[in-house]
Structure formats: structure tokens, C-alpha cells
Amino acid sequence: MTRPRPDRRSLLLAAGAAATASHALAGSAPAVHARRRRPVMVGSANGLPGMQAQLPRMMDGLEPLDAAIEVVKVVEADPEDMSVGLGGLPDEDGVVTLDAACMHGPTHNAGSVGAIQDTLHPSEVARLVMERTDHCMLVGEGASRFAREYGHPKVDLLTERAREVWLRWKEGMSDRDDRLSPKKSKKSGAADRPYRYMGEELTLEQLLTTHRITGTIHCSALSLEGELACCTTTSGLSFKIPGRIGDSPVIGAGLYCDQEVGSAGGTGRGESAILSCASFLCVELMRGGMAPKDAGMAVLRRVTEQAQRGAAWQPELVREDGLPAFNLQLYLLNGAGEYAGVELYGTHAFSVADEDGARHEQLEALHG
Ligand code: GLY
């Protein structure tokens, strides 16, 4: 819903121009940005197109929950993105199941759906759970039925491309069964063009191995009025065991927001975000006075320590050098509009939108 507002856009844009100039003088964008009373959206790299579309509406007073959900819906409906919604990679049985949640700062309420099937916009269904039930979470068949009751049509989410990738994964799983991978010289149509996953272009090989677990979209939003909300949505871990739910629909793990403090969300290995209550911890550390970047790094250090303990009976959780063998990205935003994006490893991007426009910035890596 859009509330009538005085036109502050030119004022904000002027402030943005001054801020951009100061960034240029500094040589690079600082890890944490501190400005007040302006809308800000922060989230995963694949949120950029949605943020570009919603930023002008936020400048005109769009509510943060509306903004966050509209941002993620772009990817939910995109058949080319294989990490979320339509076109997302399926579970080990070839069935696409989706997880999503949203949280609203002013009312401190949240809703989520887990392992929902045949539903294009689980983020909107999560909102319905929040606003039209006394519950926080619906899963599986109950969540799908609930979606139909509220007019969400049945949609086949398994695209031809995702089905082909799943088949290649299934064929390559074992040399002790009767399925054979296609001969190298005979490329299938699915392998000919790159795959879009979390805003990156990947080869089939990368999709099947290195990047298996990272697909999700998160958006945290701070409105012109200073209200906070967030949303996270995903097709979850590719080729997961049927019934597996990741961090995205778990309030406090894949997202959390508190109107008195800030908002946070994560993408990457969901199990690590669940075991560390990552998003809740981000917000609680900010409540204790930490800047967003410091809070995010502290949570990643906690995740690292937990993986090292877990490696006692699951050695594959850590690499040879003892550091986590997976990645986790965290996006943090406080009520003053300060934000940060951090990850365990790499040089990946995250999305930001404010008076400087919508853009990608580089995540800060804990372990380089
Ligand atoms: N973070 C997405 C998942 O693990 O399902």
C-alpha cells in the first residue's frame, strides 16, 4: 500500500549526489554507510532488478513489507533463475518445493511456508499466513492447500531446463546404478548456455557441484517512515531429501527483524544459519550496539566455530585448512539505515538501494 507523502525525492537525490561524491573521494564505498531518514533496501545480488523497480515507490512512501515482497517476487517468477521459485532446482525426486518467510517490524509479526508445492509466489502466501492466521508457519500439503484457498493457482514450477539439470545430477550420482551420463561429445541442449543462479552465470558442472547449496533471495527494507520489514524466499538446497526445509522459512535463521533495532537475512548453507540462529543473532548483536558489519562478522565467526565442532562427526563440514567447506552470506540493516553485506568467502556481490540508486556492492569476506 502506498501512503500519500510529501515529495521528498529531490531532497533525497540531492543528498545522494553529495554522498556519491564523498564515496568517490574515499576511493571506494565504505563497508557501513550511515545516513538517516531515507529508504534503504539491502539483500542478495539477485534482488537488484526488483530493487530498481521498487526504489522510486519507496521514495514515495511504499511500505517496507510491500517493497521486500515485490523485490523477491521478480525472482520467484523468473524461470531462468534456478535458485528460487519457478525454474528452481528440485529435490532428489525431481519435485520443486519452496520455502519463504516475511517479517514485519512495526507489528513484530511473521509468517512462513515450508516445502510448499505448485505455488508461484510463496512470499505472498507467507504474508497471508502472517496476516490472515494466528500461526507463524505452514508446511507441505497444508501450506499448498492454504495457498489455493486464498486464490493462488496451481503452477507447475519444474521447467524443462531444471528437469534436465536434475536428470544430469541423478545420472552422475553413482557408477553402481543403471543410469549413464551422456557421452561428453554429445552435449545436451541444457548444457549449451550458462545457468543463472543467485545472479551469477554458471556452467552445468558448477551448478552440479560447487554452487549446489546457495540459491535464495533475501530483501530487508527500511521505509521513509523508518519502518522495517524483510522477506526471504528460495527453492532451497538443490536435490535435497524430500521434506528438507532450510533456513529461509525459519524466523530467526533465514531472516529476522525487530523494529527497535534492524533487520537481517541470509543466503547460503541453510543448516549453518539455522544452527547459529544467524539472522536473530545479527539483530541482537546490533541491539547491543554493534555496527552491521561487525555484527555480521561476529555471526560468521560463530558459524565457523560451530562448523569446526560439527566436523568431529561430519568431517566434510570443513576444508583441509579447518575452515568451513560452505559459504554463508548475511545482509544487515539497522534502523538508522546503516547496512552491510558479509560472507565467509569470496568476492560476491550484494544489492543495495537507497538515494544513490540501486546497485551491487561487494560483500566483505571473513576468511578472504
Ligand atoms: N539458504 C537456503 C537454504 O539452505 O535452503
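Residues numbered from 1 in each chain as written. Predicted model: local features only at pLDDT ≥ 70, side-chain atom pairs only at ≥ 80, totals over all residues. Heavy atoms only, no water.

Draft legend 1. Structural detail: the confidence of the model for the protein. Of the residues in the protein, 86% reach a pLDDT of 70 or more, and the chain-wide mean stands at 88. Note that residues 1-35 has pLDDT below 50 and, in this model, 58 contacts with residues that lie over four places away or in other chains. (pLDDT = per-residue confidence, 0-100. Contact = heavy atoms within 4.5 Å.)

Draft legend 2. Structural context of the site of the ligand. Residues in close proximity to the ligand include Thr 216, Gly 236, Leu 237, Arg 244, Gly 246, Asp 247, Ser 248, Gly 268 and Gly 270, which together make up its full environment. One of the side-chain nitrogen or oxygen atoms of Arg 244 is found 2.7 Å away from an oxygen atom of the ligand. Between the ligand and Gly 268 there is a distance of 2.8 Å, counted from a nitrogen atom to a backbone nitrogen or oxygen. Computed on the free molecule, the ligand has an accessible area of 200 Å², of which 99% lies beneath the protein chains in the complex. Partitioning the shell around the ligand into residue classes produces one nonpolar, six polar and two charged. (Near = heavy atom within 4 Å. Polar contact = N/O pair within 3.5 Å; in protein donor to acceptor, adjacent residues only side chain to side chain. Areas by Shrake-Rupley, 256 points an atom, 1.4 Å probe, with all protein chains shown as cover. Nonpolar A, V, L, I, M, F, W, Y, C, P; charged D, E, K, R; others polar.)

Draft legend 3. Expanded view of the pattern of salt bridges. Enumeration over the complete set of coordinates arrives at 17 salt bridges. Between Glu 124 and Lys 73 there is a salt bridge, with its nearest N and O atoms 2.6 Å apart. Residue Glu 124 is located in helix 4 (residues 122-132), and its partner Lys 73 is located in helix 3 (residues 64-76); the two are separated by 51 residues in the primary sequence. Through salt bridges with shared partners, a single ionic network connects Arg 38, Asp 354, Glu 355, Arg 359 and Glu 361. (Salt bridge = Lys/Arg side-chain N within 4 Å of Asp/Glu carboxyl O. Helix = DSSP H or I, 4+ residues; strand = E, 2+ residues; numbered from the N terminus.)

Draft legend 4. Structural view of the sheet that holds strand 10 (residues 262-268). One open sheet accounts for five strands, arranged 9-10-11-12-15; its pairing is mixed. Taken across any chain shown, the strands that pair with only one partner, and hence form the sheet edges, are strand 9 (255-258) and strand 15 (364-365). By the bridge criterion, four bridges tie strand 9 to strand 10 in an arrangement that is antiparallel. The partner of Cys 257 across the bridge, within strand 10, is Ser 263. Across the sheet, helix 9 (residues 278-287) touches strand 9, strand 10 and strand 11 (328-334), and the angle it forms with strand 10 is around 145 degrees. Across the sheet, helix 10 (residues 292-310) is in contact with strand 11, strand 12 (339-343) and strand 15; its angle to strand 11 comes to roughly 150 degrees. (Pairing = 2+ DSSP bridges. Axes fitted to C-alpha atoms, helices over the stretch in contact; angles between N-to-C directions.)

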